[in-house]
Amino acid sequence: MNIGSTLTKCLVKGAGIGTLGVIAYDSHIMGNLQSDMYAKSRDADACAEAFNNTQYLSSPSPTTAKLKKGVMNIEMESNIRHFVNSGIGYFKGFISTMVNNVVPLGLGIGALLGKGKIAKGSAIGLGIYGVCKFFKDVMGFGHYNDLNSKF
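These remarks concern the structure in this document. (Residues numbered from 1 in each chain as written. Predicted model: local features only at pLDDT ≥ 70, side-chain atom pairs only at ≥ 80, totals over all residues. Heavy atoms only, no water.)

## Looking at the packing of aromatic side chains
This is how it is decided: Each Phe, Tyr or Trp ring, with Trp reduced to its six-membered ring, pairs with another whose centre is within 6.5 Å; inter-plane angles below 30 degrees give stacked pairs, above 60 give edge-to-face pairs, and intermediate values give tilted ones. With a 1.4 Å probe rolled over the protein chains alone, any residue whose accessible area is under 20% of its type maximum counts as buried; one over 50% counts as exposed, and the rest are partly exposed.
Following the criterion strictly, the structure yields three aromatic pairs and no others. For the pair Phe134 and Phe135, a centre-to-centre distance of 5.5 Å together with 75° between the ring planes defines the contact as edge-to-face. Overall, the relative accessible area of 40% leaves Phe134 in the partly exposed class. Clustering of aromatic rings is evident, with ring pairs tying together Phe134, Phe135 and Phe141.

Dropping the structure here:
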């Protein structure tokens, strides 16, 4: 058994696992953030609409006014809408992050599940992608910043 070959396989599979772990972590965090933002935004819209409905009557009626206020109170205390919208927001945030990271996701899957040249090529691609991402996004090279322009 060749130790160099086994070490290479472990490094390739490790690169795939590491990449998929980072993408899953980022997707989960963005899903949580989007979940909270989406649910609160929808709650605010529904409460504003329910309140607006209580401000106008088509004909003067104390009974209709009390019924509208009761409907508004039920709407404002509803937890079902928040629960459903949290799930929708999480799904939107998770999927959008996965789509934004489709290149490293594909390379990570290739490195983890591929065999031979496909796995090694995917790992090399991950290395190149990681280096480019580091210099561009972490170090800031290649970004034009309008706020800190030299001229």
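## A word on helix α3 (residues 80–100)
The test is simple: Here a strand is any run of E in DSSP of at least two residues, a helix any run of H or I of at least four, and the numbering for each starts at the N terminus. What a helix is expected to span follows from its residue count: subtract one and scale by 1.5 Å. It is the directions from the helix axis to the C-beta atoms that the arc portrays.
Helix length check: α3 (21 residues) gives 30 Å between terminal C-alpha atoms against 30 Å at 1.5 Å per residue, within 8%. If you check which residues of α3 are buried, you get Arg81, Asn85, Ser86, Gly89, Gly93 and Thr97. Along α3, the residues classed as buried sweep out an arc of 125° about the axis, all on the same side. With respect to the buried face of α3, the exposed residues turned more than 90 degrees away are Ile80, Phe83, Phe91 and Val99.

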